[in-house]
Every structure is written in C-alpha cells, then in structure tokens.
Amino acid sequence: MMTLNANLDRYFKPISSNLKIVFGGSKSNYKNVVNNSNLREVKNNAVNYGFELRSGFRGIFNYHIGSKWNYNEIETTIKNSYTDNVSFLDLSFVFNKNVNFQLQTERYYFGNLDSNSNKYYFMDLEGRYTVKENKLTFSISGNNLFNTEVFRSYNISDISTSRTEYRLQPRYVLLKMEFRF
C-alpha cells in the first residue's frame, strides 16, 4: 500500500484571498478469496485533487469557492473506474453589524451513476437583521431552495456495490423572530 498527500496554502495580498490546492493518491495491491473462489488479485488506485479560494475583503462582500475531484479505479477480474466531483460557492454579505446575508451552494456529480441521477444541486440562504443587540433579531432562512427530492450515492469495492439513498426535506423558507427579555 502506498499513500501520498500534498497541500499548498498561499495568501495573495493583491486579491486579498487565500488559495488552497490539495492533491492526494493511494495505491494498494492485495489478494483475497471471496465465496470459495480461487485467490484473486485486487488492485485499487485512487487520486483526489482540488482547490479552494477564500476572500478576506474588509468590505461588505466575501466569497469561498472550491471544487474537489475523486478518481477511483478497482480491478479484480473486471475493471471499474469513476470520477466524483463536489463543488461549492458560498457568498457572504455583511452590510453592517445589524444586517447580514449568507448564501451557500453545492453541486455533487457522481461518475458511476446514470446521467439521469448523477448531479445534485443545493442552495441555502440566511439573512439576519438585528434591531437591538441581545434583545430583538429578525431572520429569514431557506433550505433546499432547488427542491432536490432524493440524494443517491454509490460505493464500489472489490466485493460489493452499495447504494445509499436519502429522501430529503422539501424546500422551505422560515421567518424567525428572536426576543430576549
């Protein structure tokens, strides 16, 4: 078995942002017996790589964007490979100490699923207005704004394929008032 991981983390002053690059991989080779079969060789290769860019602006706006890819290859008597991807974009608006707004988005892509169910999109938002600190706050939050109903993922190994399916709470928007006395 062999594993390699590398990270690069660097702040760029001209754009007031931090760049993070990640790279990793693993390789394994072993033999096993399944259901009274002959001894068989199993080769597994995995590579992951990605980036993140996070701003550090002093103004009202900041962002955090990134993407990560995972490539997996499993070979026994057959060979199976796929690439998964997760990407995100988070936006933050702090207008002043009393008003702020956050938006979070995510995209999932699963390379081993059929094209009808291999992409998932999510968006959440939250806005807060503080009338009087530690006394009265109004907020609005919305979750699953793209109204994704089901989230499926697969895990493939040398001896099995498993599917996990989550039914998700439908889109909702919540208005909230916090009052302390």
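Residues numbered from 1 in each chain as written. Predicted model: local features only at pLDDT ≥ 70, side-chain atom pairs only at ≥ 80, totals over all residues. Heavy atoms only, no water.

J.: I'd love a proper account of the pattern of salt bridges, names of residues and values included.
T.: Applying the stated criterion across every chain yields a total of five salt bridges. Between E165 and R152 there is a salt bridge, with the nearest N and O atoms lying 2.9 Å from each other. A residue pair is termed long-range when its members are at least 10 positions apart, and E165 in strand β10 (residues 161-167) and R152 in strand β9 (residues 150-156) qualify at 13 residues. Accessibility expressed as a relative area gives 38% for E165, which makes it partly exposed. (Salt bridge = Lys/Arg side-chain N within 4 Å of Asp/Glu carboxyl O. Helix = DSSP H or I, 4+ residues; strand = E, 2+ residues; numbered from the N terminus. Buried < 20%, exposed > 50% of the residue type's maximum accessible area, 1.4 Å probe, protein only.)

J.: Describe the layout of surface pockets, and please don't skip the residues or the numbers.
T.: Considered as a void within the structure, the largest pocket measures approximately 200 Å³ in volume. Lining the largest pocket are 13 residues, and of these E106, F122, M123, D124 and N144 sit closest to its centre. Here the residues of the lining of the largest pocket are counted per class, giving five nonpolar, five polar and three charged. (1 Å grid on protein atoms, 1.4 Å probe; cavity = no way out; pocket = protein on both sides within 12 Å on 5 of 7 lines; lining within 4 Å. Points joined across faces, edges and corners; volume = space filled by probe spheres on them. Nonpolar A, V, L, I, M, F, W, Y, C, P; charged D, E, K, R; others polar.)

J.: Describe in detail the pairing of strand β7 (residues 119-132), supporting the description with residues and values.
T.: In this structure, strand β6 (residues 99-110) lies alongside β7, joined through eleven bridges in antiparallel fashion. Note that in β7 the partner of T105 across the bridge is M123. Two strands pair when backbone bridges link them, and β7 and strand β8 (residues 136-143) are joined in this way by seven bridges, in the antiparallel orientation. Residue pairing across strands places R128 opposite S139, the latter belonging to β8. What sits between β7 and β8 in their antiparallel hairpin is a turn of three residues, with N134 showing a positive phi close to 60°. (Pairing = 2+ DSSP bridges.)

J.: Which residues make up the packing of aromatic side chains, and what are the values?
T.: How two aromatic rings sit relative to each other is given by the distance of their centres and the angle of their planes. On inspection of all chains with the given rule, the structure shows 16 aromatic pairs. Pairing F61 with F93 gives two aromatic rings, centres 5.3 Å apart and planes at 40°, and the pair type is tilted. Note that F61 is positioned in strand β4 (residues 61-75) and F93 in strand β5 (residues 79-94), a separation of 32 residues in sequence. The exposure class assigned to F93 is partly exposed, which follows from its relative accessible area of 23%. Three or more aromatic residues joined by ring pairs make a cluster, and in this case those are F57, F61, Y63, F93, F95 and F101. (Phe/Tyr/Trp six-rings, centres within 6.5 Å; stacked < 30°, edge-to-face > 60°.)

J.: Account for unusual backbone geometry, with residues named and values stated.
T.: Despite not being glycine, S16 shows a phi value in the positive range, around 50°. Within the fold, S16 resides in the loop between β1 (2-12) and β2 (17-32). Take S16: its relative accessible area is 22%, and that puts it in the partly exposed class.

J.: Explain the sheet that holds strand β3 (residues 40-55) to me, and be specific about the residues and the numbers.
T.: The strands that make up a sheet pair up through hydrogen bonds in the backbone, lying either parallel or antiparallel. Read across the open sheet, the nine strands follow the order β1-β2-β3-β4-β5-β6-β7-β8-β11; overall the sheet is antiparallel. Each of the sheet's edge strands pairs with one partner strand only, and the pair in question is β1 and β11 (172-179). Averaged over all neighbouring strand pairs, the angle between strand axes comes to 10°, with direction disregarded. Looking at chain direction, β1 and β2 are connected through eleven bridges and run antiparallel. When the bridges of β2 are listed, T3 appears paired with S26. (Axes fitted to C-alpha atoms, helices over the stretch in contact; angles between N-to-C directions.)

Read these as spatial facts, not as claims about activity.
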